[in-house]
Amino acid sequence: MLIRALIVDDESFARKGLRTLLRDDADITIVGEAANGRKAVAAIRELRPSLVFLDVQMPELDGFGVIDEVGVDMMPATIFVTAYDQYALAAFGVHAVGYLLKPFDRERFARELQNVKKRLAQPADAGLGADATKMLEALRGPRRYTDRLLVNTDGRIIIVKTADIRWIEAADNYVRLHVAGVGHLLHESMRALEERLDPNHFVRVHRSAIVNVDWIKELQPWYAGALIVILQGGERLTVSRSFRARLLALDRPPE
């Protein structure tokens, strides 16, 4: 049985690593790659792979968003490839969908791939299935909002606690996390990151800025209904009129 595989990861070196691991496997043919969630959805629909190596954390549309767009019943067999949500993933010793926790070695990869091959050999195994749906719900449920971010810096991975982030600004295809006077670049869109952050603590105040409300010292009125946010470190950010209501609504009890 020839398995048609699609590799989805926003990091080129990660895609290259998977290509290398699959290169000598006679059962696998790589039909394509995708560098973000939007392209992944299009590739799945066009190429119809039987197996997808799917990164969870991606800009624009993450792995969960890909599954939502394609549909659980239409999604090919999937191996999640992720560098976070370790605690949720570890709860699944045996499950319908495989996962690879970055960084993984060749042995771990081979073991996971062998399990998936066995499942694909079963005629009744189509789509993600009910067990995979439960896994997806478990991943999305308990850790809906992240409390830490992994930032690649000079070949190292730095863990940044979201509570320490004072504000976030857009920087082309990246975002800059401002932490105690230091800026960390993260390869993610503002929209994707905003969806991962707890809205009770992080609020979009401008098209290009998100602020951690726990670091706000005071608000000052500005012209045309806008506001100025002054953070505890002295930073001054403009709250555009269109985002003013969201910030001012934080003092209201949740419905």
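For the structure itself, look to the data block above.
Residues numbered from 1 in each chain as written. Predicted model: local features only at pLDDT ≥ 70, side-chain atom pairs only at ≥ 80, totals over all residues. Heavy atoms only, no water.

A. Structural view of the overall build of the chain. The number of helices and strands found in the chain is eight helices and 15 strands. Pairs at least 24 apart in sequence give 54% of the contacts found in the chain among residues at least 6 apart. Carbon together with sulfur atoms contributes 50% to the accessible area of the chain, which is approximately 13900 Å² in total. (Helix = DSSP H or I, 4+ residues; strand = E, 2+ residues; numbered from the N terminus. Contact = heavy atoms within 4.5 Å. Areas by Shrake-Rupley, 256 points an atom, 1.4 Å probe, with all protein chains shown as cover.)

B. Quick peek at the packing of aromatic side chains. Across all of its chains, the model carries two aromatic pairs by this definition. Arranged with centres 5.8 Å apart and planes meeting at 20°, the rings of Phe53 and Phe109 form a pair that is stacked. Of the two residues, Phe53 is situated in strand β3 (residues 51-55) and Phe109 in helix α5 (residues 106-120); the sequence distance between them amounts to 56 residues. With respect to class, Phe53 is no different from Phe109; both count as buried. Taking the centre distance of 6.1 Å and the plane angle of 20° together, the rings of Phe104 and Phe109 count as stacked. Among the aromatic residues, those joined into a cluster by ring pairs are Phe53, Phe104 and Phe109. (Phe/Tyr/Trp six-rings, centres within 6.5 Å; stacked < 30°, edge-to-face > 60°. Buried < 20%, exposed > 50% of the residue type's maximum accessible area, 1.4 Å probe, protein only.)

C. View of the packing of helix α1 (residues 12-22) against α5. Where α1 contacts α5, the axes come no closer than 11 Å and their chain directions differ by 70°. The pairing of α1 with α5 is recorded here as roughly perpendicular in orientation. Handedness of the α1/α5 crossing: right-handed. Contact with α1, carried on its side by Leu18, Leu21 and Leu22, involves Arg106, Phe109 and Leu113 of α5 and no other residues of that element. For the contact of α1 with α5, the class distribution of residues is five nonpolar, no polar and one charged. (Axes fitted to C-alpha atoms, helices over the stretch in contact; angles between N-to-C directions. Parallel < 35°, antiparallel > 145°, perpendicular 65-115°, else oblique. Left-handed = near helix turned anticlockwise from the far one by under 90°. Nonpolar A, V, L, I, M, F, W, Y, C, P; charged D, E, K, R; others polar.)

D. Region of the structure containing the sheet that holds strand β1 (residues 3-8). With parallel pairing, five strands are arranged side by side in an open sheet as β2-β1-β3-β4-β5. The strands lining the two open edges of the sheet, one partner per strand, are β2 (28-34) and β5 (98-101). Strand-to-strand twist in this sheet, taken as the mean axis angle between neighbours without regard to direction, amounts to 20°. With respect to the sheet, α1 is in contact with β1, β2 and β3, its orientation differing from that of β2 by roughly 175°. (Pairing = 2+ DSSP bridges.)

E. The arrangement of the sheet that holds strand β13 (residues 216-221) in detail. On the basis of which strands lie adjacent, the open sheet formed by three strands has the order β13-β14-β15 and antiparallel pairing. Unpaired on one side and paired on the other, β13 and β15 (236-239) mark the two borders of the sheet. Neighbour to neighbour, the strand axes of the sheet diverge by 25° on average, direction disregarded. The pairing of β13 with strand β14 (residues 227-231) spans five bridges and is classified as antiparallel. Opposite Leu219, over in β14, you have Val229 as the bridge partner.

Any functional reading would require information that these geometric values do not contain.
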